[in-house]
Structure formats: C-alpha cells, structure tokens
Amino acid sequence: MPSVRRHSAPPSPGTAPALHAQKRASAVVLGLVLAAGAATGGCEYTYDDGRDWSGTTETGQTAAPAPVFTRDPLRRDPVPEDELDGWVSRTLSDTPQPVVHAGAGLLAAGEVRTEATPVLETGTYALALACRSQRRVTFVVRSDTLTLVDLGLRCGVNRENVIYLSADTALSVTVEARTGANFAYRLRRL
C-alpha cells in the first residue's frame, strides 16, 4: 500500500500573536501561584485551646500527658454482696426529692428477678437505673396494665426515666442479666 504523507499548513499570520499572548498569560498565572505559595509557606495556624502555656515555655520541658483509660474492664465486674451498699451510694447519688422505693442486688448469670413496689400515689416520678456487669442488664418496669420501661441498659451508664402514674398503683420491676451483675434502681417523687 502506498504511504500517505501529510503536511501541516504553515500558521496563518493572525494565530502567531494569539499563541504568544496565551503563553505569556500562562506564565503570569504560574508566577502568581508560585509567589502566593512562597508568601504563605511561612504561615502557621494557631488557636487558643484554653491551656496555660506560660509554665511550659519558662521551664523548657514538655510534659507528656498521662494516659486516660475510659473503660476499665475490672470496674464492670460485679461487686460482692458485702460491697453492694457502697456501690449503690456511689452510683446513685443523693437527691433532694424523697425516695419512695429503692432496690439493689446481685444477679447470677441468666437470673431473672422481679420485685414489687408498694402502692404509689398518682403523680410524676423519676426512676433511676444502674448496673455493673460485663454485659447489658435488662430492666422492665410495669404497672398492672402498662409497660413503663423496657430497657437493655449498658452497664456503667446510669439512666433516669420520668414516669407518670395516672392512678394509685404498685409497680413490678423485673431485672435480667446474661452474666453476673449488680443492679440498682430508685424511685423518687418529683
């Protein structure tokens, strides 16, 4: 097959100055970008985080912060029966409102316990729940006709629910644990 050669046409007289102007504009833009980069290269971002840095600059020493452990697994193990009252008092702190009923105990793995409150008057109550275990503990609080709370509580986090009783009624509190656990609950009148 015969080969075909193509020849490019010589540039027209009007395109050469336009091509030259385009190259010059590109060079100007590149120069501006490089100048801006060099000007901002020495900048530093600072902010005030509330710490007093004057003590560390005067001594010249930098103190490494101590490690913070947020979840100590041993602090989630249930306490024995003789230490239960101390755990409850630390976990459910005192409040100015009167406590109408409270309960606490130690559950074995797989144990389900149901306790009943005395008859409570019509009104609004705060129900505080707490547990200490490696796994969640389930709390179910019921009146004769209604489930007021059905909660799988992650231990180490206290929970407080506000409940309203429209008639005088006794409540049943059922607590279930999959592993050994401490539980505590407290009803106070608001």
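Quick summary incoming for the structure in this document. Because the structure is predicted, anything quoted here is derived from the model rather than measured. (Residues numbered from 1 in each chain as written. Predicted model: local features only at pLDDT ≥ 70, side-chain atom pairs only at ≥ 80, totals over all residues. Heavy atoms only, no water.)

For the rest of this paragraph, the subject is the sheet that holds strand 6 (residues 159-165). One open sheet accounts for four strands, arranged 1-8-3-6; its pairing is antiparallel. Single-partner strands in this sheet number two, and they are strand 1 (99-107) and strand 6. For this sheet the average axis-to-axis angle between neighbouring strands, irrespective of direction, equals 15 degrees. Inspection of the sheet shows strand 3 (residues 123-133) paired to strand 8 (residues 181-189) by nine bridges, in the antiparallel sense. Directly across from A128, in strand 8, lies its bridge partner R186. Here helix 3 (residues 84-91) sits on the sheet in contact with strand 1, strand 3 and strand 8, set at roughly 50 degrees to strand 8. (Pairing = 2+ DSSP bridges. Helix = DSSP H or I, 4+ residues; strand = E, 2+ residues; numbered from the N terminus. Axes fitted to C-alpha atoms, helices over the stretch in contact; angles between N-to-C directions. Contact = heavy atoms within 4.5 Å.)

Locating A167 in the fold gives a position in the loop between strand 6 and strand 7 (172-177). Taking the C-alpha atoms as reference points, A167 and V119, separated by 48 residues in sequence, lie 9.9 Å from one another. Every residue in contact with A167, bar those within four places of it in the chain, is listed here: L120 and T122.

Strands sit in the order 2-7-4-5 across an open sheet of four strands; the sheet is antiparallel. Either end of the sheet is taken by a strand with one partner, and the two such strands are strand 2 (112-116) and strand 5 (147-153). Between one strand axis and the next, the sheet turns through 10 degrees on average, direction left out of account. Looking at chain direction, strand 2 and strand 7 are connected through five bridges and run antiparallel. Bridged to R113 within strand 7 is V175.

This paragraph deals with the side chain of T174. In this fold, T174 is placed in strand 7. Reaching out from T174, the side chain makes a polar contact with the side chain of T114 at a distance of 3.1 Å. Contacts of T174, omitting those with residues within four sequence positions, involve V112, R113, T114, T138, F139 and V140. (Polar contact = N/O pair within 3.5 Å; in protein donor to acceptor, adjacent residues only side chain to side chain.)

Now for the state of the cysteines. A covalent bond between the sulfur atoms of two cysteines is referred to as a disulfide. Counting across every chain of the model gives one disulfide. Each disulfide pairs two cysteine sulfurs, and for C131 the partner residue is C155, the sulfurs being separated by 2.2 Å. Note on the C131 and C155 pair: the S-S dihedral is about -115 degrees, so by sign convention the disulfide is left-handed. Of the two residues, C131 sits in strand 3 while C155 sits in the loop between strand 5 and strand 6, which places them 24 residues apart along the sequence. With respect to burial, C131 and C155 carry one shared label: buried. (Disulfide = S-S within 2.5 Å. Buried < 20%, exposed > 50% of the residue type's maximum accessible area, 1.4 Å probe, protein only.)

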